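# Remarks on the overall topology
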Amino acid sequence: MALEDYRNDMMRCVRCSVCKFIPLSSLIKSWRFANGCPASAKYHFHSYSGGGKMIAALSLIDGRVDYSDALMDVVYKCSMCGACDLTCRLGTDMEPLQVLRELRSRVFREYKQLDEHTHIMNSIQNYDNVWMLPRSRRKNWSKGLEAKDLSTGKEKAEVLYFAGCTYSLDPNLQKVAQNTVKLMKQAGLDVGILGTKEKCCASPAFQIGNEALFEEYALSNIESFNALGVKKVVSSCAGCYGLFKTHYSLLGKEMNFEVVHAVECLDKLVREGRLEPTKKRPMRVTYHDPCHLGRLSETKIPSEGKEERVLGCLPVKDIPKAIGLNGIFDPPRNVIKSIPGIELLEMERAREYSWCCGSGGGVKSAFPDFALWSAEERLEEAKATGAEALVTCCPWCEKNLKDAVDSRGETFPVYDATDLLIQSL
Ligand code: SF4
Ligand code: SF4
């Protein structure tokens, strides 16, 4: 749909500011951790909130504002975390996040992109990854694991492990992919990888507004996964997983495989007794829900933009949107709690109302100070629980939260759930 198709959503935004906070009446536990929108909490002006961006979008399509650096600032100082969308939809059938996406696509197509984002788009196009690194290095993380290489077509497997750009190529994070494959193999799963033929999922292109690049990579990846004949595609990256599940599936191309996040797979293996954590890890931890694994992995039936007028006056959308149906909230908590000796403490903003780490939506590359600020806020919240460590399930969250720890000269540990699981076997 085009930005204009959301005109009524934009018109109906009443500037109530509900989208800046977690649900006021039911979930706020303290004023300190009541904010839900990192952009409005950091930059204070209404225009940085979900509602503010809706009004900016309406002004743009109606010609009251033109493209400018100020508009770019509002549009891209946003981690596309979806917190505004969830809280607004608690009481309305509006879709702020869809407006934000269409606004980015419009700006990208008709105006310009930020230099930092151009760099990422060029990297995807020239190297099939976001790190400007040669394709030949994409397989290095798997050395010694003896995972089947499915790229030549000579070997077959039931499960494709999709490592993603960051777990493949960031030496500080590769251990998550390595541990996941080790654990799956230990539990007896038939696992293969795509090695040097694995391509970026194109999540950065999708988030930044480059629809054409997203579609090109998404369709090519679907075709490649279908051709492998695998039953499941498992990824440890919340970004890849969320995109495969919620947006690849909307492209109208048949997907003959199930999409699973690694932590869902590991949770199932533990519950089936195929992995048995026995070694004690006495520790109090708290869990950070990555946006793309939690609220943004909830699948929805998209609106077709049809509206009806109730009593001839109030416009109502054709299809109500589901909230809280199938985001991945319990599996990581189950895995953590399966480890003997670990106590899991919850942050004030948890599950679908989790505070974003600040890394997504192209923010980490274009506005690193904003990304760090959001992660520092999360670190404060984690420490306020009395936890000794933070656990998450996403390379971008892990990296950004660790950067926040380092920038403050602290030593608060940040783990992936697989780090703890493998140590307890
Ligand atoms: S986007 Fe929704 S929650 Fe935010 S100000 Fe507008 S109506 Fe209120
Ligand atoms: S997507 Fe997240 S950062 Fe962007 S306006 Fe909505 S709540 Fe704020």
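Remember, it's a predicted structure, so these values are computed and weren't measured experimentally.

### A few points about the overall build of the chain
- Along the chain, the regular secondary structure elements total 18 helices and 11 strands.
- The C-alpha atoms of the chain give a radius of gyration of 21 Å, which matches the 22 Å a tight globule of 425 residues would have.
- By principal-axis analysis of the C-alpha atoms, the chain measures approximately 60 × 50 × 45 Å.
- Put simply, of all contacts in the chain between residues at least 6 apart along the chain, 78% involve residues at least 24 apart.

### Quick look at the layout of surface pockets
- Estimated volume of the largest pocket: approximately 740 Å³.
- For the lining of the largest pocket, the secondary structure elements donating two or more residues are helix 5 (83–89), helix 6 (96–110) and helix 11 (211–228).
- Counting residues per element, the lining of the largest pocket draws most heavily on helix 6, which supplies five residues.
- For the lining of the largest pocket, a count of residues per class yields nine nonpolar, seven polar and 11 charged.
- In this structure, the lining of the largest pocket is formed jointly by two domains, domain 1 (1–112) and domain 2 (124–271), each of which donates at least three residues.
- Considering the residues around the second largest pocket, the lining is formed by 37 residues, among which Pro204, Ser359, Gly360, Gly362 and Trp396 are closest to the centre.
- Looking at the lining of the second largest pocket, the elements that each hand over two or more residues are helix 7 (115–127), helix 8 (164–169), helix 10 (203–208), helix 12 (238–246), helix 15 (363–366) and helix 17 (395–407).
- Sorting elements by how many residues they give to the lining of the second largest pocket places helix 10 first, with four residues.
- A class-by-class count of the residues in the lining of the second largest pocket yields 22 nonpolar, 13 polar and two charged.

### A few points about the domain arrangement of the chain
- Examined at the domain level, the chain breaks down into domain 1 (1–112), domain 2 (124–271) and domain 3 (276–293 + 328–425).
- In this structure, domain 1 and domain 3 have C-alpha centres spaced 26 Å apart.
- Contact residues are listed per partner, giving 26 residues for domain 1 and 19 residues for domain 3.
- Of the roughly 2000 Å² buried at the junction of domain 1 and domain 3 (both faces included), carbon and sulfur atoms supply 68%.
- When the area that domain 1 buries against domain 3 is broken down by residue, the three leading residues are Phe33, Lys42 and Ser79, summing to 28%.
- Run the count over domain 1 and domain 3 and you get one salt bridge.
- Between Arg32 and Glu377 there is a salt bridge, with its nearest N and O atoms 3.1 Å apart.
- Linking domain 1 with domain 3 are five residue pairs in polar contact (both at pLDDT 80 or more).

### What about the site of ligand 2?
- Near ligand 2 lie 15 residues; those nearest to it are Cys37, Gly50, Cys78, Cys81 and Cys84.
- Judged by its atoms lying within 2 Å of the grid points, ligand 2 is housed in the largest cavity.
- Contributing elements (two or more residues each) for the shell around ligand 2: helix 2 (38–43), helix 3 (50–61) and helix 5.

### Focus on the sheet that holds strand 4 (residues 232–235)
- Taken in spatial order, the five strands make up an open sheet running 1-3-2-4-5, and their pairing is parallel. Whereas interior strands pair on both sides, the edge strands pair on one side only; in this sheet they are strand 1 (148–149) and strand 5 (258–261).
- Where strand 2 (residues 159–162) meets strand 3 (residues 191–193), two bridges bridge the pair, whose relative direction is parallel. Its bridge partner lying in strand 3, Val159 is registered against Val191.
- Running over the sheet, helix 9 (residues 174–186) touches strand 2, strand 3 and strand 4 and is turned about 165° from strand 2.

About the cut-offs
- Residues numbered from 1 in each chain as written.
- Chains lettered and ligands numbered in written order.
- Predicted model: local features only at pLDDT ≥ 70, side-chain atom pairs only at ≥ 80, totals over all residues.
- Heavy atoms only, no water.
- Helix = DSSP H or I, 4+ residues; strand = E, 2+ residues; numbered from the N terminus.
- Rg over C-alpha atoms; globule rule 2.2 N^0.38 Å.
- Contact = heavy atoms within 4.5 Å.
- 1 Å grid on protein atoms, 1.4 Å probe; cavity = no way out; pocket = protein on both sides within 12 Å on 5 of 7 lines; lining within 4 Å.
- Points joined across faces, edges and corners; volume = space filled by probe spheres on them.
- Nonpolar A, V, L, I, M, F, W, Y, C, P; charged D, E, K, R; others polar.
- Domains from an automatic or database assignment.
- Buried area = accessible area lost by both parts, 1.4 Å probe.
- Salt bridge = Lys/Arg side-chain N within 4 Å of Asp/Glu carboxyl O.
- Polar contact = N/O pair within 3.5 Å; in protein donor to acceptor, adjacent residues only side chain to side chain.
- Near = heavy atom within 4 Å.
- Sits in = over half its atoms within 2 Å of the grid points.
- Pairing = 2+ DSSP bridges.
- Axes fitted to C-alpha atoms, helices over the stretch in contact; angles between N-to-C directions.

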